[in-house]
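# Report on the structure
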Amino acid sequence: MSLSIQMLGTGNAFAKRYYNNNALLDSGEGKLLIDCGTTASLALHQIGVPLSEIDAILITHIHADHVGGLEEFGFQMNILHRRKPVLYIAEPLIHPLWEHTLKGGMSQQGMIDKLEDVFEVNVLTPDKSATLVPGIKVELIPTRHIPGKNSYSLFINDRLFYSADMIFAPDLLHHLVHERGCRGILHEVQLQGAGEVHTTLDELLSLPKPLQERIHLMHYSDDMEQFRGKAGVMSFLEQQRIYHLAELEV
Ligand SMILES: Nc1ccn([C@@H]2O[C@@H]3COP(=O)(O)O[C@H]3[C@H]2O)c(=O)n1
Ligand SMILES: [Zn+2]
Ligand SMILES: [Zn+2]
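About the thresholds
- Residues numbered from 1 in each chain as written.
- Chains lettered and ligands numbered in written order.
- Predicted model: local features only at pLDDT ≥ 70, side-chain atom pairs only at ≥ 80, totals over all residues.
- Heavy atoms only, no water.
- UniProt positions renumbered as here; feature names shortened; annotations may be inferred.
- Near = heavy atom within 4 Å.
- Polar contact = N/O pair within 3.5 Å; in protein donor to acceptor, adjacent residues only side chain to side chain.
- Nonpolar A, V, L, I, M, F, W, Y, C, P; charged D, E, K, R; others polar.
- Helix = DSSP H or I, 4+ residues; strand = E, 2+ residues; numbered from the N terminus.
- Pairing = 2+ DSSP bridges.
- Core = buried A, V, L, I, M, F, W, Y, C linked by side-chain atoms within 4.5 Å.
- Buried < 20%, exposed > 50% of the residue type's maximum accessible area, 1.4 Å probe, protein only.
- Contact = heavy atoms within 4.5 Å.

An unreviewed UniProt entry lists the protein chain under the name MBL fold metallo-hydrolase, with Paenibacillus farraposensis given as the organism. Quoted verbatim from the Function (unreviewed entry) field of the UniProt record, the comment on the protein chain reads "Counteracts the endogenous Pycsar antiviral defense system. Phosphodiesterase that enables metal-dependent hydrolysis of host cyclic nucleotide Pycsar defense signals such as cCMP and cUMP."

Below you can see the structure in the form of structure tokens.
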């Protein structure tokens with residue numbers, strides 16, 4: 001069975017019409033959640049997928065729309081299902097995720113004092129691909145987002161690029177398409193204003209056609225509907241719709 005992708009949400013950090021930009025990948029043999037934002041458990045509930053059916057979670061970077069749901073996920077799995085969720089994460093994110101994000105809510109004297117006490121932590125090495133669940137292979141690609149904060153975009157099954165929040169990186173997109181066989185690009189977009197920490201629609205519109213025709217837009221603001229027809233050949237991903245890999249590729 002081929003890979004399917006369902007965005008739990010397609011909104012940016014401030015969106016109210018759209019849930020957090022988190023994705024559920026299903027290979028038919030396993031389910032991988034890419035990022036677990038504040039709205040992830042509600043979105044999973046709405047699409048009828050229990051947390052216990054998620055085989056692993058992968059984190060791209062530390063912002064609430066990408067990790068804000070981990071406390072609930074961790075507690076539910078440990079308390080209700082008596083097991084630790086599998087968490088894939090780059091080494092530089094472990095300390096800030098625990099010390100600056102989760103420790104306040106999750107620590108418990110004598111019981112929980114580190115990330116490994118509530119998650120089955122698997123460390124990923126950037127630029128080296130690994131099979132995270134059967135049928136889903138991921139390579140972390142470091143990309144720039146916020147100065148001083150590590151962030152990792154993803155190259156999935158050697159064919160699909162999934163951007164973390166990132167500033168425009170045209171050379172990387174060229175390289176992936178022309179030298180690594182990338183056939184589809186799920187890219188975050190900032191529809192208005194200067195792209196200080198994100199990639200703007202105007203920047204993506206400056207790319208040559210072979211790249212634009214592979215791009216599907218996500219992580220957008222509540223006014224997305226006003227931009228339909230203004231994104232050239234690029235399409236907007238719809239939250240909760242199930243896409244089969246072939247629909248996203250050129
Ligand atoms: N230097 C910054 C830092 C943050 N932000 C906004 O806060 C959001 C955090 O989640 P995000 O999805 O990365 O989007 C960020 C910006 O909207 C921003 O616009 N500029
Ligand atoms: Zn974000
Ligand atoms: Zn971010």
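Read on for the rest.
As a further point, take the site of ligand 1. In the vicinity of ligand 1, the contacting residues are Ala13, Phe14, His63, Asp65, His145, Ile146, Asp165, Val197, His198 and His219. A distance of 2.9 Å separates an oxygen atom of ligand 1 from a polar side-chain atom of histidine 145. Tallied by class, residues from the shell around ligand 1 come to 4 nonpolar, 4 polar and 2 charged.

Note that leucine 173 resides in helix H5 (residues 170-179). When the C-alpha positions of leucine 173 and isoleucine 185 are compared, they lie 8.5 Å apart, and in sequence the two are 12 residues distant.

With that settled, consider the sheet that holds strand E9 (residues 152-156). Taking strand neighbours across the sheet as the criterion, the 7 strands line up as E7-E8-E9-E10-E11-E12-E13 in an open arrangement whose pairing is mixed. Whereas interior strands pair on both sides, the edge strands pair on one side only; in this sheet they are strand E7 (130-133) and strand E13 (235-236). As paired elements, strand E12 (residues 215-218) and E13 share 2 bridges and run parallel to each other. Paired with histidine 216 across the two strands is serine 235, which belongs to E13.

Judged by nonpolar contacts, the single largest core of 59 residues is most densely connected at Leu32, Leu70 and Ile156. The element that contributes the greatest number of residues to this core is helix H4 (residues 91-106), accounting for 6 residues. Contact partners of leucine 70, with chain neighbours within four places excluded, come to Cys36, Ile57, Ile59, Leu87, Leu97, Leu102 and Phe119. Of all hydrophobic cores here, the second largest spans 26 residues; its members include Leu176, Ile185, Leu191 and Leu201.

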